[in-house]
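What follows is each chain in one-letter form.
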Amino acid sequence: MGLFDKLHKINDKYKGTKLAPLFNGFHTFLFTPNEVTRGGTHIKAADDLKRTMNTVIMSLVPCLIFGMFNAGYQHYLALGDIEAAEGFFSAAFWSWDNLVMGIIKVLPLVIVSYVVGLAIEFLFAVIKGHEIEEGYLVTGMLVPLIVPVDLPLWMLAVAVAFGVVIGKEVFGGTGMNILNPALTIRAFLFFAYPTWMSGDKVWVHGAVENAQQMAAGKNVDAISGETILGSLAQGHEVHYSISDMFFGFIPGSIGETSTLLIALAALLLIFSKIGSWRIMFSAIVGALVMGLIFNSVVDAGWITEGSKFYTLMSTEFWHHLLIGGFAFGIVFMATDPVTASQTNKGKWIYGFLIGFISILIRVFNPAYPEGVMLAILLMNVFAPTIDHYVVQGNVKKRMKRLKAKTA
């Protein structure tokens, strides 16, 4: 008897027991369901939840690989061991040394994210007696990509446990949560462990450790890895070129730096009809509008150089699309089909407000210049309200048409 036949028999053996969800989860991960609909009229489609999740994960893999290279690159660049990369295909960036360093730092984050998150998912499935839900397959990949490279693993484990239990399971599991689970995890990390999620010492591997050694009086190299948004919030000049911002040769969370790869992922999600182009496009429009408003305020002389918000306000409006986690947020977080608006008109409103509020928070909250996380979480809460008023508006229009016809 082959291995697969044994697995089938084990799965059949535990059907109807408390452990059925556990074995069924492994079974459906390896095999396609052997139960098919018979008779009657059905809508047949090749997509299901598993294929949808796999497509999103495939779109995230290039960002993960690039993030590994960038983690090593930023570390060795800060130490002065390598020269700055020149162009996307620069040998200084695509070095095996960079990749090895990146794998050593990033892979444990991925493993902890999946092990802790899936363990909790399996536990709740066994307790509640329902099937394993595939929702965490994407969340487990997103979480390591939106945190600093040196985040302690125990902090990540605590945050994942909080996000899965409080952010999703208490609401009923996948499809019932009102907040994006990955952003819930990041928000917990930011407010519970702020020194590990902000500042100029957390974005480059080794910077925190070196800072601690310097504080202890040891003679070590100072490593600074301040993000572009952090520099602008402090009123400093940015020394990165537009190409660096676009390609991703900048410090930041592991997967958020390369706008190019995020844009390619967006095209894949739009083409596969998994991500909403309405939300992505309207969020970009909202960000550009808010950026233009701030630029106009500076041009009108209402805010002068040296003022508290001048540097971020005077930043070219379209630069906001290339820096920080804005692009990553609107492509992979704002388009979450569970927590986003469901109506077409609602998606336009929902996306526009995310982009608009993101830039608003960036400028007026120097302590937390990256506003896309808070903007998406805020609009997650208001998404049902937006859809409610959109539906009610459609109902009223149809009632008016009906009255006009019967009059």
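Residues numbered from 1 in each chain as written. Predicted model: local features only at pLDDT ≥ 70, side-chain atom pairs only at ≥ 80, totals over all residues. Heavy atoms only, no water.

Novice: Just to check I follow, could you spell out the overall build of the chain for this structure?
Specialist: Of the regular secondary structure elements, the chain holds 16 helices and 0 strands. Across the 407 residues that make up the chain, the buried fraction comes to 48%. When contacts within the chain are restricted to residue pairs at least 6 apart in sequence, those whose partners lie at least 24 apart make up 71%. Counting every atom, the chain has about 20500 Å² of accessible surface; 65% of that belongs to carbon and sulfur. (Helix = DSSP H or I, 4+ residues; strand = E, 2+ residues; numbered from the N terminus. Buried < 20%, exposed > 50% of the residue type's maximum accessible area, 1.4 Å probe, protein only. Contact = heavy atoms within 4.5 Å. Areas by Shrake-Rupley, 256 points an atom, 1.4 Å probe, with all protein chains shown as cover.)

Novice: Sorry if this is basic, but what is going on with the environment of Tyr-240 here?
Specialist: Positionally, Tyr-240 belongs in the loop between α9 (228-233) and α10 (242-247). Through-space distance from the C-alpha of Tyr-240 to that of Ile-250 is 7.5 Å; in sequence the pair is 10 residues apart. Residues within four places of Tyr-240 in sequence aside, it is in contact with Ile-228, Met-245, Phe-249, Ile-250 and Pro-251.

Novice: I tried to follow the nonpolar core on my own but got confused; where do I start?
Specialist: One recurring pattern in soluble globular proteins: nonpolar side chains tend to sit buried together. Counting 100 residues, the largest nonpolar core has Leu-189, Phe-328, Phe-332 and Tyr-350 as the members making the most contacts within it. For this core, the leading source of residues is helix α3 (residues 49-79), giving 11 residues. Once you skip the residues sitting within four places of it in the chain, Phe-332 turns out to touch Ser-59, Leu-60, Leu-142, Ile-262, Ala-265 and Leu-269. (Core = buried A, V, L, I, M, F, W, Y, C linked by side-chain atoms within 4.5 Å.)

Novice: Would you explain the packing of aromatic side chains in this entry?
Specialist: The description of an aromatic ring pair uses the distance of the two centres, along with the angle that the planes make with each other. With the rule as written, the count across this model stands at 27 aromatic pairs. Each ring, one from Phe-328 and one from Phe-332, has its centre 4.8 Å from the other, and the planes form 45 degrees; the classification is tilted. Here Phe-328 and its partner Phe-332 are both found in helix α14 (residues 326-333), 4 residues apart, which amounts to about one turn of the helix. Here Phe-328 matches Phe-332 in class, with each residue buried. Between the aromatic rings of Phe-352 and Phe-356, the centroid separation amounts to 5.9 Å while the plane-to-plane angle is 25 degrees, which identifies the pairing as stacked. Of this pair, Phe-352 and Phe-356 both sit in helix α15 (residues 344-364), 4 residues apart, which is roughly one turn of that helix. The class for Phe-352 is partly exposed, based on a relative accessible area of 28%. (Phe/Tyr/Trp six-rings, centres within 6.5 Å; stacked < 30°, edge-to-face > 60°.)

Novice: Would you take a moment to explain the packing of helix α12 (residues 277-299) against α14 for this structure?
Specialist: Helix packing for two helices is described by the angle between their axes and how far apart those axes are. Axis separation between α12 and α14 bottoms out at 9 Å; the angle between their running directions is 150 degrees. Taken together, the axis directions place α12 and α14 in an arrangement best described as roughly antiparallel. Seen along the crossing, α12 lies across α14 with a hand that is right-handed. Each of Met-280, Ala-283, Ile-284 and Ala-287 in α12 lies in contact with α14, whose residues at this interface are Phe-326, Ile-330 and Val-331. Taken together, the residues of the contact of α12 with α14 sort by class into 7 nonpolar, no polar and no charged. (Axes fitted to C-alpha atoms, helices over the stretch in contact; angles between N-to-C directions. Parallel < 35°, antiparallel > 145°, perpendicular 65-115°, else oblique. Left-handed = near helix turned anticlockwise from the far one by under 90°. Nonpolar A, V, L, I, M, F, W, Y, C, P; charged D, E, K, R; others polar.)

Novice: Can you help me understand the pattern of salt bridges in this one?
Specialist: Pairing is possible between side chains of opposite charge, provided their charged atoms come close. The final tally for this structure, using the stated rule, is 2 salt bridges. Where Asp-150 meets Lys-105, a salt bridge forms, and the shortest distance between an N and an O atom there is 3.3 Å. With Asp-150 in the loop between α5 (136-145) and α6 (153-167) and Lys-105 in helix α4 (residues 96-128), this pair connects stretches of sequence that are 45 residues apart. Among the residues examined, Lys-105 registers a relative accessible area of 22% and is labelled partly exposed. (Salt bridge = Lys/Arg side-chain N within 4 Å of Asp/Glu carboxyl O.)

Novice: Would you take a moment to explain the environment of Thr-335 for this structure?
Specialist: Among the secondary structure elements, Thr-335 is positioned in the loop between α14 and α15. Owing to a relative accessible area of 10%, Thr-335 belongs among the buried residues under this scheme. Here the alpha-carbon distance between Thr-335 and Lys-347, two residues 12 residues apart in the chain, equals 9.1 Å. Filtering out sequence-adjacent residues up to four positions away, Thr-335 remains in contact with Gly-275, Ser-276, Ile-279, Met-280 and Ile-330. Here the side chain of Thr-335 touches Val-331 through a polar contact of 2.6 Å, landing on its backbone oxygen. (Polar contact = N/O pair within 3.5 Å; in protein donor to acceptor, adjacent residues only side chain to side chain.)

Novice: Looking at this structure, I do not really get the packing of α5 against helix α7 (residues 181-192). What am I missing?
Specialist: Relative to each other, α5 and α7 sit at 35 degrees, their axes nearing to 9 Å. Considering how the two elements wind past one another, α5 and α7 form a crossing that is right-handed. Across the interface between the two elements, Thr-139, Leu-142 and Val-143 from α5 touch Pro-181, Ala-182 and Ile-185 from α7. Grouping the amino acids of the contact of α5 with α7 by side-chain chemistry returns 5 nonpolar, 1 polar and no charged.

Novice: Help me understand unusual backbone geometry in this model?
Specialist: In this model, Lys-273 sits at a positive phi of 60 degrees, which is unusual for a non-glycine residue. Mapping Lys-273 onto the fold places it in the loop between α11 (259-271) and α12. Using a relative accessible area of 76% as the deciding quantity, one classes Lys-273 as exposed.

Novice: Would you mind showing me how to read α7 here?
Specialist: Along an α-helix, residues three or four apart share an orientation, since each turn contains 3.6 residues. Along its 12 residues, α7 runs 16 Å from first to last C-alpha, staying within 8% of the 16 Å computed at 1.5 Å per residue. Burial of α7 is extensive: 10 of the 12 residues sit out of reach of the surface. Listing the buried residues of α7 in full gives Pro-181, Ala-182, Leu-183, Thr-184, Ile-185, Arg-186, Ala-187, Phe-188, Leu-189 and Phe-190. The secondary structure elements touched by the buried residues of α7 are α5, α6, α14 and α16 (372-406). Backbone nitrogen of Ala-182 and a side-chain oxygen of the N-cap are separated by 3.0 Å at the start of α7; the cap is Asn-180. (Expected span 1.5 Å × (residues − 1).)

Novice: Where do I start with the side chain of Ser-341 in this structure?
Specialist: On the secondary structure map, Ser-341 appears in the loop between α14 and α15. In this structure, Ser-341 is in contact with Gly-346, Lys-347, Tyr-350, Ala-383, Ile-386 and Asp-387, ignoring residues within four places of it in sequence.

Novice: Before we go on, may I ask you to explain a positive patch on the surface in this structure?
Specialist: A surface patch of like charges, here positive, comprises Lys-345, Lys-396, Lys-397, Arg-398, Lys-400, Arg-401 and Lys-405. Ranked by residues supplied to the positive patch, first place goes to α16 with 6 residues. For Lys-345, the position within the fold is in helix α15. (Patch = residues over 30% accessible without salt bridge, like charges linked within 9 Å, V, L, I, M, F, W, Y side chains within 5 Å. Lys, Arg positive; Asp, Glu negative; His and termini not counted. Charge placed at Lys NZ, Arg CZ, Asp CG, Glu CD.)

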